[in-house]
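Chain by chain, the residues run as shown.
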Amino acid sequence: MMSTKHDFLMLLLENADDYISGEKAARKLGVSRAAIWKAVRTLRTEGYHIEAVTNRGYRLGEDNDILTPHLIQSYMNHKMKVICFPTIDSTNNEAKRELARGRADEFLITADEQTQGRGRQGKSFYSPAHTGIYMSLVLHPMMELKNAVTATTAAAVAVCRAIERLTDKEPQIKWVNDVYLDGKKICGVLTEAITDYETQIVTSIIVGIGLNISTTDFPDDVENAASLASNVRRSEMIAAIADELCDILDKKSLSFLDYYRTHSMIIGQEIVFIKNGVVTRATALEIDEKGGLRVRLENGEITTLTSGEISIRRVE
């Protein structure tokens, strides 16, 4: 059973463009005026800006940056279940738990904070409260395993398109799926596939996305990180990213790779890649039709690097 505080917050969100009196709120929720006063005080102590005007009532201030299913869904074109947590170990972990519990629809999980945020190759993703977007989108594309890697590159494109739609920033993509701004990483993507062993068909894809919105103090072991630093609501950005990714995957087309190529920050650059523990220098040539990176080795040989096998960085 939801609390009066939660129900009152939902009521404020539903009436975001107008004030609602304490008397009307109490009547709608079936509680006392005193209970409404208590809900207001509690929400304010939790950081919500609630305006109060005599003879008009209460309204959420426009500067609130909160995450609720109702608010995120109000911005989304694709309708799906949205689950929000104040704090969680990892949104990808929770997505796996939901699938294990039998959830079969497509859904979105978000959190204000992750205590064990995960990145690619076993790395952690710094996820402090209220300063970033930590989300996992679960889709059921029923695609062949060999094509599932497209979801990873598609996610990077979705993030960049959402940023360009909602801000004046110009993000770039560092192969495979990191999003950069002004030479520093602001976003990482971790895609995990649930596969039918016999058919080798991907039945579910979990796309985990961590985007630094206003984080400023990074731990010493987090290198070359930055934030979007734009006045954008996290709920609106989450919805935009989810919509962009769903649009890409719904089309079942690789046309988004053209966008990926134009936003690549390494094409033509000298790079170093690490594969099976061996460090190799090369020059990045192009992104192929499957999202692989074609490179020219120092001996002139041309080879294609594929997702999930290497670590890559620009040579400064």
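The following refers to the structure shown. (Residues numbered from 1 in each chain as written. Predicted model: local features only at pLDDT ≥ 70, side-chain atom pairs only at ≥ 80, totals over all residues. Heavy atoms only, no water.)

**Some thoughts on the overall build of the protein chain**
- Within the protein chain, the secondary structure is distributed over eight helices and 15 strands.
- Its C-alpha radius of gyration of 22 Å places the protein chain within 12% of the 20 Å reference for a compact globule of 316 residues.
- In the protein chain, buried positions account for 47% of the 316 residues.
- Counting only carbon and sulfur atoms, one obtains 46% of the accessible surface of the protein chain, whose full area is about 16,100 Å². (Helix = DSSP H or I, 4+ residues; strand = E, 2+ residues; numbered from the N terminus. Rg over C-alpha atoms; globule rule 2.2 N^0.38 Å. Buried < 20%, exposed > 50% of the residue type's maximum accessible area, 1.4 Å probe, protein only. Areas by Shrake-Rupley, 256 points an atom, 1.4 Å probe, with all protein chains shown as cover.)

**A closer look at the layout of surface pockets**
- Roughly 560 Å³ of volume is contained in the second largest pocket.
- What lines the second largest pocket is a set of 24 residues, and nearest its centre among them are Leu 9, Tyr 48, Ile 66, Leu 67 and Asp 112.
- Looking at the lining of the second largest pocket residue by residue, the classes come out as eleven nonpolar, six polar and seven charged. (1 Å grid on protein atoms, 1.4 Å probe; cavity = no way out; pocket = protein on both sides within 12 Å on 5 of 7 lines; lining within 4 Å. Points joined across faces, edges and corners; volume = space filled by probe spheres on them. Nonpolar A, V, L, I, M, F, W, Y, C, P; charged D, E, K, R; others polar.)

**Quick look at the nonpolar core**
- Within the largest apolar cluster, 64 residues are counted, with the highest numbers of intra-cluster contacts made by Leu 108, Trp 175, Ile 186, Leu 211, Met 237 and Leu 293.
- The next biggest cluster of nonpolar side chains, apart from the first, holds 19 residues, and it includes Leu 12, Ile 20, Ala 26 and Ile 50. (Core = buried A, V, L, I, M, F, W, Y, C linked by side-chain atoms within 4.5 Å.)

**Concerning helix 7 (residues 234–250)**
- Helix length check: helix 7, at 17 residues, gives a terminal C-alpha distance of 24 Å against a target of 24 Å (1.5 Å per residue), a fit within 8%.
- With 14 of 17 residues buried, helix 7 lies mostly within the body of the structure.
- In the segment just after helix 7, Lys 252 is the residue with positive phi, at about 50 degrees. (Expected span 1.5 Å × (residues − 1).)

**Re the packing of aromatic side chains**
- Following the criterion strictly, the structure yields three aromatic pairs and no others.
- Both rings, one in Phe 8 and one in Tyr 58, keep their centres 5.9 Å apart while their planes meet at 90 degrees; by these two values the pair is edge-to-face. Here Tyr 58 lies in strand 2 (residues 57–60) and Phe 8 lies in helix 1 (residues 4–14), a separation of 50 residues in the sequence.
- Phe 8 sits in the buried class, given a relative accessible area of 0%.
- Residue classification places Tyr 58 among the buried residues on the basis of a relative accessible area of 7%.
- Centroid distance Trp 37 to Tyr 58: 6.3 Å. Interplanar angle 90 degrees. Geometry classified as edge-to-face. (Phe/Tyr/Trp six-rings, centres within 6.5 Å; stacked < 30°, edge-to-face > 60°.)

**Description of the side chain of Gln 114**
- Counting through the fold element by element, Gln 114 comes out in the loop between strand 4 (107–111) and strand 5 (132–139).
- Reaching out from Gln 114, the side chain makes a polar contact with the backbone nitrogen of Thr 91 at a distance of 3.0 Å.
- One polar contact links Gln 114 to Ser 127, side chain to side chain, over a distance of 2.9 Å. (Polar contact = N/O pair within 3.5 Å; in protein donor to acceptor, adjacent residues only side chain to side chain.)

**Examining the packing of helix 1 against helix 3 (residues 33–45)**
- Relative orientation of the contacting elements helix 1 and helix 3 amounts to 80 degrees, with a least axis distance of 9 Å. One finds that helix 1 runs roughly perpendicular with respect to helix 3. Residue-level contacts link Thr 4, Lys 5, Phe 8 and Leu 9 of helix 1 to Ala 35, Ile 36, Ala 39, Val 40, Thr 42 and Leu 43 of helix 3. (Axes fitted to C-alpha atoms, helices over the stretch in contact; angles between N-to-C directions. Parallel < 35°, antiparallel > 145°, perpendicular 65-115°, else oblique. Contact = heavy atoms within 4.5 Å.)

**A few points about the pattern of salt bridges**
- In the structure shown here, the tally under the stated rule is 16 salt bridges.
- Of the charged contacts, one joins Arg 101 and Glu 94 as a salt bridge, the two residues approaching to 2.8 Å between their closest N and O atoms.
- Accessibility expressed as a relative area gives 55% for Arg 101, which makes it exposed.
- A salt bridge links Arg 294 to Glu 286; the nearest nitrogen and oxygen atoms lie 2.8 Å apart.
- Glu 286 sits in the partly exposed class, given a relative accessible area of 38%.
- Ionic contacts of the salt-bridge type, sharing partners, join the residues Asp 89, Glu 94, Arg 97, Glu 98, Arg 101, Arg 103 and Asp 105 into one network. (Salt bridge = Lys/Arg side-chain N within 4 Å of Asp/Glu carboxyl O.)

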